[in-house]
There are 2 protein chains.
Amino acid sequence: MTSATSLFSPVEADLSLLSENLKGLVGARHPILHAAAEHLFGAGGKRIRPAVVLLLSRATGSEQSLTAQHRRLAEITEMIHTASLVHDDVVDESAMRRGVPTVHSSFGNRIAVLAGDFLFAQSSWYLANLDNLEVVKLLSRVIMDLAEGEIQQGLNRFDTDLSIEAYLEKSYYKTASLMANSAKAVGVLSAVSDDLKEQLYGYGRHLGLAFQIVDDILDFTSSSEALGKPAGSDLRSGNLTVPVLYAMQEQPALAQIIDREFAEAGDFDKAIATIHQTCGIERSRTLAADHTGQANACLAGLAPSPSRQALLDITHYNLRRLH
Amino acid sequence: MTSATSLFSPVEADLSLLSENLKGLVGARHPILHAAAEHLFGAGGKRIRPAVVLLLSRATGSEQSLTAQHRRLAEITEMIHTASLVHDDVVDESAMRRGVPTVHSSFGNRIAVLAGDFLFAQSSWYLANLDNLEVVKLLSRVIMDLAEGEIQQGLNRFDTDLSIEAYLEKSYYKTASLMANSAKAVGVLSAVSDDLKEQLYGYGRHLGLAFQIVDDILDFTSSSEALGKPAGSDLRSGNLTVPVLYAMQEQPALAQIIDREFAEAGDFDKAIATIHQTCGIERSRTLAADHTGQANACLAGLAPSPSRQALLDITHYNLRRLH
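Just so it is clear, the model here is predicted, and its values are computed rather than measured. (Residues numbered from 1 in each chain as written. Chains lettered and ligands numbered in written order. Predicted model: local features only at pLDDT ≥ 70, side-chain atom pairs only at ≥ 80, totals over all residues. Heavy atoms only, no water.)

**Looking at the overall build of chain A**
Move 1: Scanning chain A from terminus to terminus reveals 17 helices and 2 strands.
Move 2: In terms of overall size, chain A behaves like a compact globule, its C-alpha atoms giving a radius of gyration of 20 Å where 323 residues would be expected to give roughly 20 Å.
Move 3: Within the structure as shown, chain A displays about 12,200 Å² of accessible surface, and the carbon and sulfur contribution to it stands at 50%.
Move 4: The centroid of the 28 positive side-chain charges in chain A is displaced by 4 Å from the centroid of its 38 negative side-chain charges. (Helix = DSSP H or I, 4+ residues; strand = E, 2+ residues; numbered from the N terminus. Rg over C-alpha atoms; globule rule 2.2 N^0.38 Å. Areas by Shrake-Rupley, 256 points an atom, 1.4 Å probe, with all protein chains shown as cover. Lys, Arg positive; Asp, Glu negative; His and termini not counted. Charge placed at Lys NZ, Arg CZ, Asp CG, Glu CD.)

**Focus: the confidence of the model for chain A**
Move 1: Residues of chain A with pLDDT of at least 70 account for 93%, and the chain-wide mean is 90.
Move 2: On the interface metric, ipTM, the complex scores 0.85, and its pTM is 0.90. (pLDDT = per-residue confidence, 0-100.)

**Topic: the pattern of salt bridges**
All names here are of chain A.
Move 1: Tallied over the full model, the rule gives 32 salt bridges over all chains.
Move 2: Put simply, Asp 145 and Arg 141 hold a salt bridge, and the shortest N to O gap is 3.4 Å. Residue Asp 145 and its partner Arg 141 are both found in helix α8 (residues 133-155); the two are separated by 4 residues, about one turn of the helix.
Move 3: On the basis of relative accessibility, which here comes to 3%, the residue Asp 145 falls in the buried class.
Move 4: On the basis of relative accessibility, which here comes to 30%, the residue Arg 141 falls in the partly exposed class.
Move 5: One salt-bridge network, in which partners are shared between bridges, spans Asp 14, Arg 58 and Arg 71. (Salt bridge = Lys/Arg side-chain N within 4 Å of Asp/Glu carboxyl O. Buried < 20%, exposed > 50% of the residue type's maximum accessible area, 1.4 Å probe, protein only.)

**Digging into the interface of chain B and chain A**
Frequently, the measure chosen for interface size is the accessible area that the parts lose on association.
Move 1: Counting from both sides, the interface comprises 35 residues of chain B and, opposite them, 35 residues of chain A.
Move 2: Together chain B and chain A conceal approximately 3,600 Å² of surface at their shared face, both sides included; 70% is due to carbon and sulfur atoms.
Move 3: When the buried surface of chain B facing chain A is broken down by residue, B:Arg110, B:Trp125 and B:Ile151 rank first, second and third, together holding 17% of it.
Move 4: Viewed at the interface, chain A and chain B are joined by 4 residue pairs in polar contact (both at pLDDT 80 or more).
Move 5: The element best represented in the side of chain B that touches chain A is helix α7 (residues 133-155) of chain B, accounting for 13 residues. (Contact = heavy atoms within 4.5 Å. Buried area = accessible area lost by both parts, 1.4 Å probe. Polar contact = N/O pair within 3.5 Å; in protein donor to acceptor, adjacent residues only side chain to side chain.)

**Describing the nonpolar core**
Note on soluble globular proteins: their nonpolar side chains tend to be buried together.
Move 1: In this structure, A:Leu139 and B:Leu139 are the most contacted members of the largest nonpolar core, which totals 156 residues.
Move 2: The biggest single contributor to this core is helix α6 (residues 103-128) of chain B, with 14 residues.
Move 3: Filtering out sequence-adjacent residues up to four positions away, B:Leu139 remains in contact with B:Leu73, B:Ile80, B:Leu127, B:Leu178, B:Asn181, B:Ser182 and B:Ala185.
Move 4: In terms of nonpolar packing, the next biggest core, distinct from the first, is built from 31 residues, B:Tyr167, B:Val244, B:Ala255 and B:Ala288 among them. (Core = buried A, V, L, I, M, F, W, Y, C linked by side-chain atoms within 4.5 Å.)

**Regarding the relation of the copies chain B and chain A**
Move 1: Between the two copies, chain B and chain A, the superposition gives an RMSD of 0.0 Å; the rotation angle is 180 degrees and the shift along the axis is 0.0 Å. Taken together, the turn and the small shift mark the pair as related by a two-fold rotation axis. Considering only C-alpha atoms, the residue of chain B closest to the rotation axis is B:Leu133, which sits at 3.2 Å. (Least-squares fit on C-alpha atoms with pLDDT ≥ 70 in both.)

**Quick notes on the packing of aromatic side chains**
Two aromatic rings, taken as a pair, are described by how far apart their centres are and by the angle between their planes.
Move 1: This model, assessed by the stated rule, comprises 6 aromatic pairs over all chains.
Move 2: Both rings, one in B:Phe262 and one in B:Phe268, keep their centres 5.3 Å apart while their planes meet at 85 degrees; by these two values the pair is edge-to-face. For the pair formed by B:Phe262 and B:Phe268, the shared burial category is buried.
Move 3: Aromatic rings pair up to connect A:Phe158, A:Phe262 and A:Phe268 into one cluster. (Phe/Tyr/Trp six-rings, centres within 6.5 Å; stacked < 30°, edge-to-face > 60°.)

**Quick notes on the packing of helix α12 (residues 242-250) of chain B against helix α13 (residues 252-259) of chain B**
Residues and elements named next belong to chain B.
Move 1: In the contact formed by α12 and α13, the axes pass within 5 Å of each other and the chain directions differ by 125 degrees. What the angle tells us is that α12 and α13 run oblique. For the pair α12 and α13, contact is made by Val 244, Ala 247, Met 248 and Glu 250 and by Pro 252, Leu 254, Ala 255 and Ile 258, respectively.
Move 2: Residue classes in the contact of α12 with α13 are distributed as 7 nonpolar, no polar and 1 charged. (Axes fitted to C-alpha atoms, helices over the stretch in contact; angles between N-to-C directions. Parallel < 35°, antiparallel > 145°, perpendicular 65-115°, else oblique. Nonpolar A, V, L, I, M, F, W, Y, C, P; charged D, E, K, R; others polar.)

**Some points on the environment of A:Asp234**
Residue and element names in this part refer to chain A.
Move 1: Among the structural elements, Asp 234 can be located in helix α12 (residues 233-236).
Move 2: Residues Asp 234 and Ser 16 lie 218 residues apart in sequence; the distance between their C-alpha atoms is 32 Å.
Move 3: Leaving out residues up to four positions away in the same chain, Asp 234 has contacts with Asp 216, Asp 219, Lys 229, Asn 239 and Thr 241.

**So, helix α14 (residues 267-277) of chain B**
Because an α-helix packs 3.6 residues into every turn, residues spaced three or four apart end up facing the same way.
All names here are of chain B.
Move 1: Every buried residue belonging to α14 is among Asp 267, Phe 268, Ala 271, Thr 274 and Ile 275, and all of these are buried. Each buried residue of α14 lies within a common arc of 125 degrees when the element is viewed along its axis, so the set occupies one face. Exposed and facing more than 90 degrees away from the buried side of α14 are Asp 269 and Gln 277.
Move 2: Looking at the packing, one finds that the buried side of α14 touches α9 (194-221), α11 (233-236), α12, α13 and α15 (280-297). (Arc of directions from axis to C-beta.)

Here is the structure:
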C-alpha cells in the first residue's frame, strides 16, 4: 500500500519548505503560540490540501518551478484548514485528533481560540497580498463555507430526518469547498481557460467529498488506535454520516434509538451492530467510488505529467484506506 | 451632556438600517445564532465604528446619499468589531459586557466560537465582494492586528516592565487599527487624494487611542453599574493600562504588589488606592486629550458639513465621558 507521503513525491521538497514556513510563521513571534504551532504543523498532518495545490500548480504549467504565489496559496489552504480544525475541536469539545490531544485540551480554550483566530487572520492577510481579487473571493467563500458547515453540523445533531443531499451539502461546506475553491484558485494563478478552471474545481469538489465519505466509513470500520480518536465518535455525538443514513433506510428501528440519543442501556452498541448488519457501509463505499471516478474524469484536460499522475493516485489512495 | 446617539444625527437613519441588516444577516438563516444575533446587534452597542465610517463617507463627498459600498464598509467594521469582542470574551473569560452577560456566558463557548467565526467569515466575504483590493488589504490588516493585540495582551499580563509605548502599540492593534484603516478605506472608496487618505487614517488612529485611554481610565473611576462589569477588572486580570503604568513610575511599590499578582490579603484594594493617590489618572487624561487634539487636526482637510462637525463632536464627547 502506497503511503500518503510517497504519493506526493513530485512535490516532496515543496511540502517540507511549506511545513517550515508555517511553523516559523506562527511560532517565531509568539512564544505563547509556539507550542501550539509545533503541535499543529509538526508531525501527524497528512498535508493533502497543500499537496493537491502544489501538484495542480505543477500540472497546470509550472512543472519546472513553482511561483511564489502558488506556494503562498498552498500555505494559505493549510492555514485555513488548520484554523478551522482548532476551532472545530473547541466547538465539538474533542479531546483527541490524529492520535494526539487537541490544542484546546492541551493548552486550553483560550489558546485554541487565539491560535485559530491568528491563523484565520494571517491567512486573510496573505490572501489579500496575493493581489488577485478572483482568488480572494474564492478563498473567502471557503472561510464562509467552513463556518456554515460547522453550524449545519451543530443544527443537525441527532436529526434522523437528515437527507443524503443535506449530508453531502454539509460535507461540501466542511471539507470539499476548500479543496474545490483552492484547486480553482490554482487555475486562476496559472491563467488556464475558464473551462479548465471549472474542471479543477470539480476535481477538488469530488475528491473532497470522497475523502469525507471514506473518513465517515472509517469511523465505523477502524479501531480507535488507527483513528487516533474513539471509534464511532461521530455517531455518539449525533453527527449522522452517510453509513448511518443508508442504514436507517433499511432499518427504521435504528432511527428510534438515535432519536432518543442513546438514552437506554446498550443503545449505542445496538446502533453500531445494526449499521454493520445493513448495506450502509457498502453503499457508502460505492458513493465514495462514484465521486472518485468523477474526480479523475475532471483531470482529463491536463497534459500527462508526474504531477497529474500523483493527482490520480491520490484519489485511489483514498479508496484504498478502506482495505 | 450630549448622548452618543444624538451625536450621530446626520447618519441616524443609516445606523438604524445597518442594525436591521446586521440582525437579519446573522439571525435569519441560523436559528442557533438567532439569540446571539439579537444579543450582539440589539440594544447596548454604541456603534461608534460604523457611525464614524458613515459620517466620513458623507463628509468626503456623499453628503446627499451614501453608496452601497460605503454602507457595506460600515457593516463590515461592525461585524469585525463584534466578532473580535465575542472571541475576546471567550479568551478573557469575561462574564459581563456593557451590563449584559457575554455570549459565551449566556450560550456557552461553543456558540461564542461559532458566532465569532461566522461573523469573521461573513465579513471577509463581504469585503472581497467590495471588489476593491486596496480596501481588502486595509481591512485584512485590521483582522491581523486584532489577533496580534489580543495575543500581546495575553503575553503582557502582570508584566510591570511594560512601557507606555508597548501599551499604545497594543491599544493600536486592539482598538485603533480598525478605526484608522476603515477611515482610510472610506477615503479609498470616495477616491480622495493620497494625502487626505492618510489624514483620515490619522483621525481614526488618534480617535481610537483616545477612546481606549478613556475606557482604561473609566475602569478606575466609574462604578461597576456604570461600566456594566466589575470596576478595576482590567487590573485584576493583569491587563496593565496607562493609569497603572504612570502610577508605577511614581510609586515603585505598586509594581511589587502587581508582580505578586495580588497574592496577599488586601493587595488589590491597596493597588487601587495607590493609583488614586498618584497623578496616573490625571496624566492619562492629558494623554487622551493630546490624541483628541491630533484627531481633530486631521479633519482640517475636509470641507465644513454637518457630518464633519459630528466627527469633531465625537472626539470631545469621548473626553466628556470622564466628567
